[in-house]
Amino acid sequence: MRRHKRLIGAAVLVFLAVVAAALYFAGGRPVITALFRDGAFGARIEMDTSFGYTAKKYDGGVLVLGKEGLCAVTNAGRKAWQISFPVTRPILDTGDRYAIAADRGSKTAILVASGRVKERIETDESIQTASVNRQGTFALVTEERGYKGRVKVYNNAGKEIYTWHSAAQDILSAAVSEDSKLLAVSVVNTEDLSKLCTVLLFRLDAKEPTVCDVGDENLVANLIFNGRELLAVGDESLYYFKGDGQQKFMLDYKGCDLQAYSFNKGGVLSLGFAGGAEGNRAEFYDTNGKKKGSCAVKGVIEDMDTFGRYTAINTAEGLLVVDSAGRVKTERDMEIAAQQIFLCGSRNRMFIISGVSAGMYIL
């Protein structure tokens, strides 16, 4: 649940090889080092660092997808299972115990449930992106001859239940509601230049969508359902819609750069900004758009992740863990540059992916 400005459709390239994690103190502050051993809080995952990897949280841990396939690491830092599904341009999304995985540009996707391949889907056109909900209902965005693109929705048995063809608009992303009754699609308007981007909200028992206005020059590349409510994250503002397409609230970035974000479906929306009078900062909101807190942050915000009411913030200066009121609970320097971070089961346990390591750390 995170983004960097205008990196639409790009694979997140992370280069992994595992060492280990331990803490020591230097200069008066704890420092996270790239030293940990296999055991209670360390899972050794051998990976070829010349290929791209991406990772997502799942029910009970973190999934990592790359050349060696799909690997699950538990919140205790142990490798739980691995599926042979090698990719070089990874697409990965999760919904509790379900995961959808594909290689961008390929014609094969797998639906994984509890460590096994439940369904394998072969498409007739190249897969561009994919998403899955907690019921295992998933959407695949593909190319389509004669069209700008296509979205197909499948149930967790791999049966196609809905299809939409885009005749005039490029598709950026798609997501299915948690009750599997709504499909949201973000499209770029190539004909109506007065609106850069539009979000379409389809009922799966109807043909015509509800059009959700997301501003005139706002590029929305990320759609996240919270139940039947929809979070649409753009590069200039974000919108939160009810299940009927009515806007619940919007947040204008006011010219600031949204560097990263994280959304806990329990109700905490964390945003990392740069620029403006307040400088680099993290802000925290509830699902009614009410600001709960904020905190100043040193350095560029690279990534964020939320667990409960706590948010981890990764910057060039190190790691912070703050609560939703903006109070700093943990602060750590780092000797390695983290690229992705995940709070796993508590605010003190973090899975960190960097250019030289990947593993579970105790803060």
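See the structure above.
Here we summarise the structure given alongside this text. As a convention, each chain's residues are numbered from 1 in the sequence order in which they are written. Totals for whole chains, interfaces and linings use every residue, but because this is a predicted model, local features are given only for residues with pLDDT of at least 70 and side-chain atom pairs only at 80 or more, for both listing and counting. The basis for every side-chain value is the complete set of non-hydrogen atoms in the structure, without hydrogens or water.

Comments concerning the pattern of salt bridges
We count a salt bridge whenever a side-chain nitrogen from Lys or Arg sits within 4 Å of a carboxyl oxygen from Asp or Glu. This model, assessed by the stated rule, comprises 18 salt bridges. With a shortest N-O distance of 3.1 Å, E160 and K152 are connected by a salt bridge. Note on K152: relative accessible area 17%, which makes it buried. A salt bridge links D323 to R327; its shortest N-O distance comes to 2.9 Å. Each residue gets one of three labels from its accessible area relative to the maximum for its type: buried under 20%, exposed over 50%, partly exposed in between, using a 1.4 Å probe on protein chains only.

Regarding the environment of L65
The helix count covers DSSP runs of H or I at least four residues long, the strand count covers runs of E at least two residues long, and both are numbered beginning at the N terminus. Its place among the elements puts L65 in strand β4 (residues 61-66). Spatially, the C-alpha atom of L65 lies 5.6 Å from that of Y53, the residues being 12 residues apart in sequence. Working rule for contacts: check all heavy atoms of both residues, and any pair within 4.5 Å makes them a contact. Apart from the residues within four sequence positions on either side, L65 is in contact with G52, Y53, T54, L70, F85, V87, P90, I91, L92, A101 and A102.

Remarks on the sheet that holds β4
Across the sheet, 4 strands lie side by side as β3-β4-β5-β6; this open sheet has antiparallel pairing. At either margin of the open sheet sits one strand with a lone partner, and together these are β3 (54-58) and β6 (79-83). Averaged over all adjacent pairs, the angle separating strand axes in this sheet is 20°, with direction ignored. Pairing between strands requires that DSSP locate at least two bridges from one strand to the other. One ladder, built from 6 bridges, connects β4 with strand β5 (residues 69-74); its direction is antiparallel. What sits directly across from G61, in β5, is T74. Every axis corresponds to a line fitted to the C-alpha atoms, with the helix fit spanning only the stretch in contact, and the corresponding angles, defined between N-to-C directions, vary from 0 to 180 degrees.

Quick look at the side chain of D323
Looking at where D323 falls in the secondary structure, it is placed in strand β29 (residues 318-323). In terms of polar contacts, D323 uses its side chain to reach the side chain of R327, at 2.9 Å. With residues near it in sequence (within four places) discarded, D323 still touches F284, R309, Y310 and K329. Between N or O atoms, a polar contact is any pair within 3.5 Å; within protein, one atom must be a potential hydrogen donor and the other a potential acceptor, and residues adjacent in sequence are included only when both atoms are from side chains.

Topic: unusual backbone geometry
The phi dihedral of S114 is positive, around 50°, even though this residue is not glycine. By the element assignment, S114 lies in the loop between β9 (108-113) and β10 (116-122). A residue is classified by how much of its surface remains accessible, and S114, at 52% relative accessible area, is exposed. The phi dihedral of K254 is positive, around 55°, even though this residue is not glycine.

Quick word on the pairing of strand β13 (residues 149-154)
Within β13, 6 of the 6 residues are buried, which leaves it mostly tucked inside the rest of the structure. What you see with β13 is no split at all: G149, V151 and V153 on one side and R150, K152 and Y154 on the other are buried throughout. Examined bridge by bridge, strand β12 (residues 138-142) and β13 share 5 bridges and lie antiparallel to one another. Considered in β13, the bridge of L140 is made with K152. Where β12 folds back onto β13 in an antiparallel hairpin, the turn is made up of 6 residues, including G146, whose phi is positive at roughly 85°.

A short note on the environment of A184
Within the secondary structure, A184 sits in strand β16 (residues 182-189). The buried category is assigned to A184, whose relative accessible area is 0%. Once the C-alpha coordinates of A184 and P209 are considered, the two residues, 25 residues apart in sequence, prove to be 9.0 Å apart. In this view, A184 contacts S173, A174, A175, L200, L201, L223, F225 and L230; residues no more than four positions away in its chain are not counted.

Observations concerning the environment of V176
Considering the arrangement of structural elements, one finds V176 in strand β15 (residues 169-176). With a relative accessible area of 7%, V176 lands in the buried category. V176 sits 22 residues away from Y154 along the chain, and the two C-alpha atoms are 10.0 Å apart. In contact with V176, not counting residues within four places along its chain, are S131, N133, T137, F138, A139, V153, L182, L183 and F225.

Notes on the pairing of β6
On a regular strand, one side chain projects to one face of the sheet and the next to the other, so that they alternate. Pairing analysis gives 4 bridges linking β5 to β6, with the strands arranged antiparallel. Within β6, the residue paired with L70 across the bridge is I83. Linkage of β5 to β6, two consecutive antiparallel strands, is achieved through a turn of 4 residues, within which G77 is found at a positive phi near 85°.

A closer look at the nonpolar core
Counting 18 residues, the largest nonpolar core has V199, L223 and L230 as the members making the most contacts within it. Sorting the residues of this core by element identifies β15, β16, β17 (197-203), β19 (220-226), β20 (229-234) and β21 (237-241) as the ones contributing at least two each. Working definition of a nonpolar core: buried Ala, Val, Leu, Ile, Met, Phe, Trp, Tyr and Cys residues. They are joined through side-chain atoms within 4.5 Å.

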